[in-house]
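Secondary and tertiary structure notes
Chain residues, written in single-letter form:
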Amino acid sequence: MIIDCHGHYTTTPPGVGEYREKQKQAVASNPAHKGDKGKVSVSDDEIIESIENNQLRLQKERGTDLTIFSPRASWMGHHIGNEYTSRYWTEHQNELIKRVCELFPQNFAPVAQLPQSPGVAPEKSIPELVRCVEEMGFIGCNLNPDPSGGYWKDTSLADRAFYPIYEKMCELDVPAMIHVSAACNDCFHTTGSHYLGADTTGFQQLVMSDVFKDFPQLKIIIPHGGGAVPYHWGRFRGLMQDKGYAPLEESALQNIYFDTCVYHQKGIDLLLDIIPTKNILFASEMIGAVRGIDPETGHYFDDTKRYIDNNPKLSSEQKQQIFEGNARRVFSRLRIET
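Let us look at the structure shown here. (Residues numbered from 1 in each chain as written. Predicted model: local features only at pLDDT ≥ 70, side-chain atom pairs only at ≥ 80, totals over all residues. Heavy atoms only, no water.)

Okay, the nonpolar core next. Among the nonpolar cores identified, the biggest contains 68 residues, and Tyr166, Met169, Phe203, Ile220 and Phe258 are the most heavily contacted of them. Contacts of isoleucine 220, omitting those with residues within four sequence positions, involve Met169, Ala176, Ile178, Leu206, Phe212, Asn255, Ile256 and Tyr257. Core analysis: the second largest hydrophobic core is formed by 18 residues, Ile68, Leu281, Ala283 and Phe331 among them. (Core = buried A, V, L, I, M, F, W, Y, C linked by side-chain atoms within 4.5 Å. Buried < 20%, exposed > 50% of the residue type's maximum accessible area, 1.4 Å probe, protein only. Contact = heavy atoms within 4.5 Å.)

Geometry of an aromatic ring pair is reported as the spacing of the ring centres plus the angle between the planes. Overall, the coordinates contain 14 aromatic pairs when judged by the stated rule. Here the aromatic rings of tryptophan 233 and phenylalanine 258 are separated by 6.5 Å at their centres, their planes lie at 75°, and the arrangement is edge-to-face. With tryptophan 233 in helix 9 (residues 233–242) and phenylalanine 258 in strand 7 (residues 256–259), the pair connects residues that are 25 residues apart, well separated along the chain. Comparing tryptophan 233 with phenylalanine 258 shows no difference in burial state: the two are buried. (Phe/Tyr/Trp six-rings, centres within 6.5 Å; stacked < 30°, edge-to-face > 60°. Helix = DSSP H or I, 4+ residues; strand = E, 2+ residues; numbered from the N terminus.)

For the coordinates displayed, the defined rule picks out 18 salt bridges. Between glutamate 91 and lysine 37 there is a salt bridge, and its shortest N-O distance comes to 3.3 Å. With a gap of 54 residues between them, glutamate 91 in helix 4 (residues 83–103) and lysine 37 in the loop between helix 1 (14–29) and helix 2 (44–52) connect regions that are remote in the sequence. Residue classification places glutamate 91 among the buried positions, given a relative accessible area of 13%. The exposure class of lysine 37 is partly exposed, given its relative accessible area of 23%. In this structure, the salt-bridge partner of glutamate 324 is arginine 328, at a minimum N-O distance of 2.7 Å. Placement of both glutamate 324 and arginine 328 in helix 12 (residues 316–330) is noted, with a separation of four residues, approximately one turn of the helix. One network of salt bridges, in which partners are shared, links Lys37, Arg87, Glu91, Glu95, Glu128 and Arg131. (Salt bridge = Lys/Arg side-chain N within 4 Å of Asp/Glu carboxyl O.)

Structural data, given as structure tokens:
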């Protein structure tokens, strides 16, 4: 089985965007607007059409079996409105993901968005995490290290303000993918710099802290191949050594995993050379940041299975670990429908 650990619902029916636009208009008129949850008008038929013609079609074409699926990352929009805006939007997004996974149980498994908001204590996201895991069968969550959307106004992932979430994640035995949303700072391109910078920053914040010492069972996924981390592995090893931390192999690599959302062969080969196989999860983020065909290869940039298949150094056992074994271990709540 081939499990893609990083998929987003980027093809949602029109009713989802219409709900969000009304929310945005309400808080633009009154930033303190609370409102109520309201309804998102989307039928099962609309969901089926949006999935069958997109993600499911590409699964079949590219030879993958199951996608670990979460709301569209750039639409999390934690910087928009206030904590009520985020709460209602997040609940609807997660409920939509649940519907997808109920309609296609053999092809998708649910991961939650959290209702984070600038200046709001991270622990306020815990009720939604619990609801998603215990009531709706979700197997993980996405955790935003920068709810301000590119201004980095809130506390570091190393701060004890995040400890209640880490404690609950360990109790529920679910991993978090460190994933920002859209940048509202014009200095950053959302997917070209903000995402990759946040991946690197999140890694740095966590490894040079006591988080993994205090939560040895915590499981963290750094997406997009780890941003700059594998390329600068020597820098991070040196910084850890200079500051008196244990080597990465003895510390961070007991808790941190990297996905394969890297869109060229040499980049994947570097990731596979630097990071131990046990710490790599297959992923594509297909129908995501990069959707075109690479003119050098004639294949889609985000057809990442091809890069794993073509790596000359991996054994068949290592490929199986990356494609399936590691995901089953990290997402321990994953139950495959047969």
